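The chain contents come next:
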Amino acid sequence: MKNRFQVLDGWRGISILLVLAGHLLPLGPKYWQMNAAVAATGMAIFFILSGFLITTILLRNQNIGTFLIRRFMRIIPLAWLVLLAALIFTSSETSLYPPHLLFYANWKPVSLVPATSHFWSLCVEMQFYAMIALLVLLLKSRAFVTLPVLCLSVTAFRYFHSVDISIFTQYRIDEILAGCVLALIYNTNGSILSVISKLSPLYLCPILILSAHPLGGFTAYLRPYLALLLIGSTLSAKDDIWWKKWITCSTLVYIASISYALYVLHGVLRHTWLGDGATLEKYAKRPLLFAVTFGLAHLSTFYYEKYFIQLGKKITSNTGDTSVTTG
């Protein structure tokens, strides 16, 4: 098994760029509602990548202690630092600290404040880590068989409750679980992957955006599976395909490497002086907001976060390697 998935680094870079564009740039007239569609597309891609990589890690090494320590050391140090800063500077009530720091702020009643509103996705992510860790702990290898069933069940649950998109875990986790299914296909079923590889990502991209659009209708329920097909169609792509060189370019790989910090930081910084003001003033400051976000993300990734990631690996050094890729 390859230890790196270069094409996934490219998709990770694309996913965070879509989220940043959806949150920070004017993407056409407001009534087009493209900002919501683009941001949701970026999140769908990100969730697929997460489910894929986490499942691949656990297929290689089912030591749950190692998995949780490394995941928590990857996520928590920056998340807690930014969350504490945001809650303190917004003078938030102390009752909001536990749901934020324990990553259940997206549950009803929602505890998120404007500066932390984007942390809903990290809540979903952390709850997924806990769920899959518990499944593997209890069921061992049999846990992976349950993932496709869980994925389809969540989608059916969304359909019967007419929920096309949501920040609540029970209505959104099928996007991560679809990534788990892709990992199972990639690692255990070459024939299905071969069929998926024949699909064109150039056609799948606009369909995925449609499924993330508020006017996408029934396609919203297919969003996890369209994202699965999009990413899956590129996993076994030959190097001579023109877009393969573009999606694995050094710029996207670099953006992928700082993507977590970009996501965590941009949502808070857009609620500071860098992101406020009337429309003209707000967008005049956008270049500065981007510069500060990317600068802080670089410092965080290669200095602050790196220390804790290496510490997590050191703590678990005798339990086997679960590294697959960045992020």
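As a starting point, this report considers the structure included with it. Predicted, not measured: the structure shown is a model, and the values here were computed from it.

What follows is about the overall build of the protein chain. The number of helices and strands found in the protein chain is 16 helices and 0 strands. For a compact globule of 327 residues, the expected C-alpha radius of gyration is about 20 Å, and the protein chain comes in at 19 Å, within 12% of that figure. Projected onto its principal axes, the C-alpha positions of the protein chain cover 55 × 45 × 45 Å. The buried share of the protein chain, reckoned over its 327 residues, is 51%. For the protein chain, the proportion of contacts with a sequence separation of at least 24, taken over those separated by at least 6, is 74%. Per element, the accessible surface of the protein chain, about 15,100 Å² overall, is 69% carbon and sulfur. Computed over 25 positive and 12 negative side-chain charges, the inter-centroid distance for the protein chain is 6 Å.

Moving on: helix α14 (residues 259–269). What sets the pattern is the α-helix's 3.6 residues per turn: residues three or four places apart point alike. The element α14 is extensively covered by neighbouring structure, given that 11 of its 11 residues are classed as buried. Among the residues of α14, Ser259, Tyr260, Ala261, Leu262, Tyr263, Val264, Leu265, His266, Gly267, Val268 and Leu269 are the ones counted as buried. Of the surrounding elements, those touching the buried residues of α14 are α1 (6–24), α2 (34–60), α3 (64–89), α5 (120–139), α13 (250–257) and α16 (286–315).

Attention shifts here to the pattern of salt bridges. Under the definition given, this model contains 6 salt bridges. Notably, a salt bridge pairs glutamate 305 with arginine 74, separated by 2.7 Å at the nearest N-O pair. Placement of the pair is glutamate 305 in helix α16 and arginine 74 in helix α3, with a sequence separation of 231 residues. What makes glutamate 305 buried here is its relative accessible area of 2%.

We now examine the environment of alanine 44. If you trace the backbone, alanine 44 turns up in helix α2. According to the relative accessible area criterion, alanine 44 is buried, its value standing at 1%. It is 29 Å that separates the C-alpha atoms of alanine 44 and glutamine 310, two residues lying 266 residues apart in sequence. Non-local contacts of alanine 44, meaning those with residues more than four positions away in its chain, are made with Glu175, Arg223 and Ala227.

Attention now goes to the nonpolar core. Counting 87 residues, the largest nonpolar core has Leu8, Trp11, Phe119 and Phe128 as its most contacted members. Once you skip the residues sitting within four places of it in the chain, tryptophan 11 turns out to touch Ile45, Leu49, Cys205, Leu230, Ile231, Thr234 and Ile247.

To continue, consider helix α11 (residues 223–235). The first and last C-alpha atoms of α11 sit 19 Å apart over 13 residues, in line with the 18 Å expected at 1.5 Å per residue. The element α11 is extensively covered by neighbouring structure, given that 11 of its 13 residues are classed as buried.

What follows concerns the side chain of serine 92. Examined against the element boundaries, serine 92 turns out to sit in the loop between α3 and α4 (97–101). Since its relative accessible area comes to 14%, serine 92 is described here as buried. Excluding its chain neighbours within four sequence positions, the residues that come into contact with serine 92 are Leu87, Tyr97 and Val113.

Rules and cut-offs
- Residues numbered from 1 in each chain as written.
- Predicted model: local features only at pLDDT ≥ 70, side-chain atom pairs only at ≥ 80, totals over all residues.
- Heavy atoms only, no water.
- Helix = DSSP H or I, 4+ residues; strand = E, 2+ residues; numbered from the N terminus.
- Rg over C-alpha atoms; globule rule 2.2 N^0.38 Å.
- Buried < 20%, exposed > 50% of the residue type's maximum accessible area, 1.4 Å probe, protein only.
- Contact = heavy atoms within 4.5 Å.
- Areas by Shrake-Rupley, 256 points an atom, 1.4 Å probe, with all protein chains shown as cover.
- Lys, Arg positive; Asp, Glu negative; His and termini not counted.
- Charge placed at Lys NZ, Arg CZ, Asp CG, Glu CD.
- Salt bridge = Lys/Arg side-chain N within 4 Å of Asp/Glu carboxyl O.
- Core = buried A, V, L, I, M, F, W, Y, C linked by side-chain atoms within 4.5 Å.
- Expected span 1.5 Å × (residues − 1).

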